[in-house]
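Breakdown of the fold
Below are the chains, spelled out letter by letter.
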Amino acid sequence: MNIVVALKQIPSMADELPLNAQGSNLDFDEVDFVLNEFDEHALEQAVLVKEKSGGAVTALGVDLIEALDDVLYTALAKGADKAIKIVGDFEPGADSHTQAAWLAAVIRDLSPDLVLTGVQAANDLDGQIGPMLAAHLDLPYVGVVTGLEVAQGVAKVHKEFAGGVVADIEVDLPCVAGIQAAAKPPRYAPISKIRQIAKTAQIAEAEAAAAGPDAGVTLRRMAKPVATGRADMLAGDAKQVAAKIIDILTERGLL
Amino acid sequence: MSNDILVIAEHLDGRIADISFEMVGKARELAAALGGQVIVLALGSGLQAQAGGFASHTTLYLDDPLLAHYNPQAYQQVIAALAAAHSPRLIMLGYTSIGMDVAAWLSVKTGRPCIAYVNDIAVEQDAIVTRSQLYGGKMSAESATRADSLIVTLMAGAFAADAGRGATPIQPIAAPVPLAGLRTRFTGLLKPEAGDVDITTQEKLVAVGRGVGGEDGVALATELAEALGAVVAASRPVTDAGWLPKTRQVGKSGLTVRPKLYLMLGISGAPEHLEGMKDAELIIAINSDENAPIFNVAHYGATQDLFEVAEALLEAL
Amino acid sequence: MDAGLDKVDRILEKETAIIDGMDISGSWNRMFEQRVIWDYTPELIEKITHLPGGESFGWCYQCASCTPVCPVDMVGSYGPRRLFRAVQTGVDLFTSADLWLCTTCANCLRVCKKEVDMVQIMPATREKAVLDGFVPEELQKAFEDTAKYGNPLGQPQRKRAAWAKQAGVDVPIMKELGRGVDILWYVGSYPSYHPRGIDASLAAARIFHALGVDYGILGNEEKDDGDSQRLAGETGLFEMLAEHNIGVFAQYEWNTMVVTGPHEYNAFKTQYPKMGFDRPLMHYTQFLAGQLPKLQDLLTHSLPLRVTFHDPCYLGRHHGEYDAPRALLQAIPGLELVEMGRCRENGYCCGGGGGGMWLDSFTANHTSMRLSEKRVMEAAASGADVLAVCCPFEVSRFEDAAKNTGNGHLRVLDILELLDMSMRGNGY
Ligand SMILES: Cc1cc2nc3c(=O)[nH]c(=O)nc-3n(C[C@H](O)[C@H](O)[C@H](O)COP(=O)(O)OP(=O)(O)OC[C@H]3O[C@@H](n4cnc5c(N)ncnc54)[C@H](O)[C@@H]3O)c2cc1C
């Protein structure tokens, strides 16, 4: 089993997100990047599949901000067998279409049986990378996956719908899956292990393919959402807030 | 290219989902501005009656036993074929488990641009202008595209469903591509396990988020819920962590609730959570972060430590 | 007791023995040959003693001196003696909950005749467990946050100096200062981000300003010291942080470093030197006690408070500093200092050390009461109005514990806050 996990770094939402002077996008110089949390689940799911069914995991990503090495070493420490970074002269805000095209070009040469990636990322304005990879690679795709097992050339996935309903879907390998949650929470990679790996492991490099058509979408303006239906804010300390809540509930006959 | 709008209806467990009507309602408005028609595409099995309930100009209905449940590849291929046949100006899908599979795939396959997380959309001269929620709702992005055909995924609940209800007779169609030999197969549906309380039928919910910090926080919220005659619900991080069973999860991948009271403790208001509770009659949010997006949705809010407020409420009740 | 333990291999007895004219023949000179414990396999103990740092675990001879001083033993069934016995009788410490309960407070080491050193044994054993993938979830989160954000609170690195804006006085940041300083103030994570920690930082900034201290902070170049993560088993994370911090410390000219927290003090005093950093270092209580003649004049407002002081393990027992904090408290006019029964060398642990800060629910599941709760009850019993602290872990722990134990009247204040109150005459 040849498993490939596509990883993407996105602006960290732990911090306030600063806008550029024109208000047309984030100020990428002022944000920290972290691995998309759904990609962490994709990686975990990949390692779980490998542990159960054998095979090798290749972790792959576009080195947008020249900080992918740590992500890849961590992936290796968690159980990936091989790491590849796509290098080139990038914009930190490269859209999903562009990244998907670069990723697909490298993944195609790896002849994978299974390609996993996060179901979405908080910044994919022009759509999710997973289905785009499937389209480039001519593979079937299923997303919003919360568990995946492989047997006899078929991936059996749990796909989530609204209302907590889950469908069992079978997909012929090779295929692409968008992971929402791995069957287990992502494991911890001790830093000493990561550092050990950083000293010895090789990260392969691949040149980004010539840029294809971009998303065709012009981002005109980005802003913190206007507080249209802004809540009525209850002032005072905790006790006063509690008293006001009780008033509201009483007024509406809810107590 | 036409100026028509192709709306992809969806259904789950034999029922056409509200998002389908919400899209049609908005599509009517846009079609008027574009001078085109609203074409609904529904793929199902035995859904003729429900599929006849759209306020569309045309409703194309493909009936096949294989389409009784969602099948990723069937949807992708049928939609791609109809997009080719109708050359719509705009293709609308839900930002749902189905739309998230299809939209970006279709975009790459057919060379149409795609915009996700859309919660507003309008026609502006020769451009289609959208507003999307990015970064978990922390940013709102306005985009424009002049392409002659565009794909969007719309957030559930962004538009009124009633505007999309009507009585357009269905127009049955034959499968434009063979449905045999697909590489994806539906094999079964699992409903959330019964046994625990059903939060969808409760009048009052106390919902806890990651802000409760752990099982102790949940225990406190449970005590508060009991005092209020309510039941505890949760955001996903709480059920993921196992602090509460999965059956208590509200939101996109959880349950949709419409209680009379939804009291939120330490939930930030991510769009996936809002999706499951925005229709609650009274939403009160306690969150220590004054910038938490939930305050854009709640009716009442307080920038407070949830533990302190919960304890004060318990004392006062 | 198992039968095997009572067995004695051989009894030695000399029929006649006269020593210094004293006849101790026969049973008077009876000796038991050292018994061989033959019904326990030594492997589980050796798994620990073979680790660098774990050696002294094997020296325990079950004398139980540690039993009355182990803070965890007082709220559960614990202590080095019990741990040794448990491992001897088949408990694999590497996968046992017992591995995570020790706070490395070092009170056992103080009384141990055999110098069984939990402060070395615990990080060595935990490191192995962490590498093998056994990490309590809460702790894993703190590790991940520290690795990602440079602090265990998961707050953005860029905001590390954001607190300084509220100080009302200028807080010089080295990068912006463009010159050397006398005092490099290492602020620390909790004093930078935790709202109650920030209160102490603001007080410190005002005090330094009033004293005219020539100082600077590192702002967002500073990262967590990593010592508690090290004690919790994440050696690699500690090394990564230490390398970063040492690099930053070396970029600027300064004479003495002052730290807010005892854990940072321990890191920079005992661990960073192994990595090449060895510079003059003071805990803030030591620095300010040294400034007392000048500081005394600033303490113009009387604080008529009964105050008891909690000795932080890593300032007191670990580094022998008991007097500086007390000297500062006693310099505050009107303040009456009362001691708790357990103080100074025998001070009770707050539970936050050695990773305990990030094992709150985990520990709570294995003990009858939080250590902080027990300590707060002792503080309340002393009749104090205020529990004074000088370790940034403690304010949040004790405030919470005071609420939990129904001692809400007991205020928990950092010594910095008390000094600031006396200086400015407000806030009490
Ligand atoms: C496909 C998909 C499906 C999803 N489905 C769901 C779903 O069904 N349901 C769901 O909920 N999420 C869902 N999510 C996850 C969603 O994106 C958010 O991550 C999640 O809702 C966040 O939960 P939260 O608000 O509890 O946590 P956070 O976003 O971490 O917010 C915690 C909040 O608590 C506040 N807080 C912290 N401490 C305190 C305190 N002491 N007092 C007061 N306030 C405090 C903080 O300020 C913060 O606003 C889904 C995501 C995806 C991609």
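Computed from a predicted structure; not experimentally measured.

1. Side note on the overall build of chain C
- A count of helices and strands for chain C gives 19 helices and twelve strands.
- Against the globule reference of 22 Å for 428 residues, chain C gives a C-alpha radius of gyration of 24 Å, in line with a compact fold.
- Counting only C-alpha atoms, chain C reaches 85 × 45 × 45 Å along its principal axes.
- Looking at chain C as a whole, 57% of its 428 residues are labelled buried.
- Contacts in chain C between residues far apart in sequence, at least 24 positions, make up 77% of those at least 6 positions apart.

2. As for the interface of chain B and chain A
- Facing 78 residues of chain B, the contacting portion of chain A comprises 78 residues.
- When the two sides are added together, the surface that chain B and chain A hide from each other amounts to roughly 6900 Å², 58% of it contributed by carbon and sulfur.
- Sorting the residues of chain B by area buried against chain A places Y135(B), M139(B) and R183(B) first, and these three jointly supply 12% of that buried surface.
- Counting the contacts that link chain B with chain A gives eight salt bridges.
- One salt bridge in this structure joins D101(B) and K159(A), with 2.9 Å as the shortest N-O distance.
- Summed over the shared surface of chain B and chain A, the number is 33 residue pairs in polar contact (both at pLDDT 80 or more).
- For the side of chain B that touches chain A, the per-class residue count stands at 41 nonpolar, 20 polar and 17 charged.
- Here strand β12 (residues 218–223) of chain A runs beside strand β9 (residues 139–145) of chain B; their pairing, made up of five bridges, is antiparallel. Bridging across to β9(B), T218(A) finds its partner in A144(B).

3. Notes on the site of the ligand
- Around the ligand sit 28 residues in total, of which R210(B), S235(B), V250(B), S268(B) and N287(B) are the nearest.
- Neighbouring residues of the ligand are not confined to a single chain but are spread across chains A and B.
- In the model, an oxygen atom of the ligand is placed 2.6 Å from a nitrogen or oxygen of the N287(B) side chain.
- Protein burial of the ligand: of its 990 Å² of free accessible surface, 86% is covered by the chains.
- Secondary structure elements with two or more residues in the shell around the ligand: α6 (236–240), α7 (271–274) and α8 (306–316) of chain B.
- Of the residues belonging to the shell around the ligand, the class tally is seven nonpolar, 15 polar and six charged.

4. Topic: the interface of chain A and chain C
- With 19 residues of chain A at the contact, the number on the chain C side is 20 residues.
- Overall, the association of chain A and chain C removes approximately 1500 Å² of surface from exposure, summing both partners, and the carbon and sulfur fraction of that is 49%.
- Sorting the residues of chain A by area buried against chain C places Y188(A), I191(A) and R195(A) first, and these three jointly supply 41% of that buried surface.
- Put simply, chain A and chain C have four salt bridges between them.
- We note a salt bridge from E243(C) to R195(A), for which the minimum N-O separation is 2.5 Å.
- Here chain A and chain C share seven residue pairs in polar contact (both at pLDDT 80 or more) between them.
- In terms of residue count, helix α5 (residues 191–200) of chain A provides more of the side of chain A that touches chain C than any other element does, four residues in total.

5. Comments concerning the domain arrangement of chain B
Residue and element names in this part refer to chain B.
- Each assigned domain of chain B is listed here: domain 1 (5–172) and domain 2 (199–316).
- If you average the C-alpha positions of domain 1 and of domain 2, the two centres end up 31 Å apart.
- Taking both partners together, domain 1 and domain 2 bury about 660 Å²; carbon and sulfur atoms supply 57% of that area.
- Interface area lost by domain 1 to domain 2 is led by Y95, G136 and A156, which between them contribute 50%.
- Linking R258 and D18 is a salt bridge whose minimum nitrogen-to-oxygen distance equals 4.0 Å.
- Run the count over domain 1 and domain 2 and you get zero residue pairs in polar contact (both at pLDDT 80 or more).
- For the side of domain 1 that touches domain 2, a count of residues per class yields four nonpolar, six polar and one charged.

6. A look at the domain arrangement of chain C
All names here are of chain C.
- Along its sequence, chain C is organised into domain 1 (3–131), domain 2 (156–290) and domain 3 (292–424).
- Computed over C-alpha atoms, the centres of domain 2 and domain 3 are 21 Å apart.
- Each partner contributes residues to the interface: domain 2 has 31 residues there, and domain 3 has 37 residues.
- Overall, the association of domain 2 and domain 3 removes approximately 3000 Å² of surface from exposure, summing both partners, and the carbon and sulfur fraction of that is 70%.
- The interface formed by domain 2 and domain 3 holds three salt bridges in total.
- Here E399 ties to R196 by a salt bridge, and the two come within 2.8 Å at their closest N and O atoms.
- Our enumeration of links across domain 2 and domain 3 arrives at twelve residue pairs in polar contact (both at pLDDT 80 or more).
- Mapped onto the side of domain 2 that touches domain 3, the elements with two or more residues apiece are α8 (189–193), α9 (195–211), α10 (227–231), α12 (262–271) and α13 (284–290).

7. Observations regarding the side chain of D73(C)
Residues and elements named next belong to chain C.
- Relative to the helices and strands, D73 resides in the loop between α2 (43–49) and α3 (80–88).
- Engagement of the side chain of D73 in a polar contact is seen with the backbone nitrogen of Y78, the distance being 2.8 Å.
- Among residues more than four places away in sequence, those in contact with D73 are T67, Y78, G79 and R82.

8. Section: the packing of helix α5 (residues 215–228) of chain B against α8(B)
Residues and elements named next belong to chain B.
- Axis separation between α5 and α8 bottoms out at 10 Å; the angle between their running directions is 35 degrees. Where α5 crosses over α8, the two elements pack in a sense that is left-handed. Between α5, through G217, L220, E223, L224 and A227, and α8, the contact on the second element is made entirely by F307, A310, E311, L313 and L314.
- Along the lines of polarity and charge, the residues of the contact of α5 with α8 split into seven nonpolar, one polar and two charged.

9. With respect to helix α5 (residues 118–131) of chain C
Residue and element names in this part refer to chain C.
- Spanning 14 residues, α5 covers 19 Å between terminal C-alpha atoms, matching the ideal 20 Å at 1.5 Å per step.
- The element α5 is largely enclosed, with a buried count of ten among its 14 residues.
- Three or more residues of α5 are buried, namely M118, V119, I121, M122, P123, A124, T125, R126, A129 and V130.
- In this fold, the buried residues of α5 make contact with α2, α3, α4 (107–111), α6 (137–149) and α10.
- One side-chain oxygen of the residue at the start of α5 lies 3.0 Å from the amide nitrogen of V119, identifying that residue as D117.
- Once α5 ends, the next one or two residues include G133, with phi positive near 90 degrees.

Calculation rules
Residues numbered from 1 in each chain as written. Chains lettered and ligands numbered in written order. Predicted model: local features only at pLDDT ≥ 70, side-chain atom pairs only at ≥ 80, totals over all residues. Heavy atoms only, no water. Helix = DSSP H or I, 4+ residues; strand = E, 2+ residues; numbered from the N terminus. Rg over C-alpha atoms; globule rule 2.2 N^0.38 Å. Buried < 20%, exposed > 50% of the residue type's maximum accessible area, 1.4 Å probe, protein only. Contact = heavy atoms within 4.5 Å. Buried area = accessible area lost by both parts, 1.4 Å probe. Salt bridge = Lys/Arg side-chain N within 4 Å of Asp/Glu carboxyl O. Polar contact = N/O pair within 3.5 Å; in protein donor to acceptor, adjacent residues only side chain to side chain. Nonpolar A, V, L, I, M, F, W, Y, C, P; charged D, E, K, R; others polar. Pairing = 2+ DSSP bridges. Near = heavy atom within 4 Å. Areas by Shrake-Rupley, 256 points an atom, 1.4 Å probe, with all protein chains shown as cover. Domains from an automatic or database assignment. Axes fitted to C-alpha atoms, helices over the stretch in contact; angles between N-to-C directions. Left-handed = near helix turned anticlockwise from the far one by under 90°. Expected span 1.5 Å × (residues − 1).

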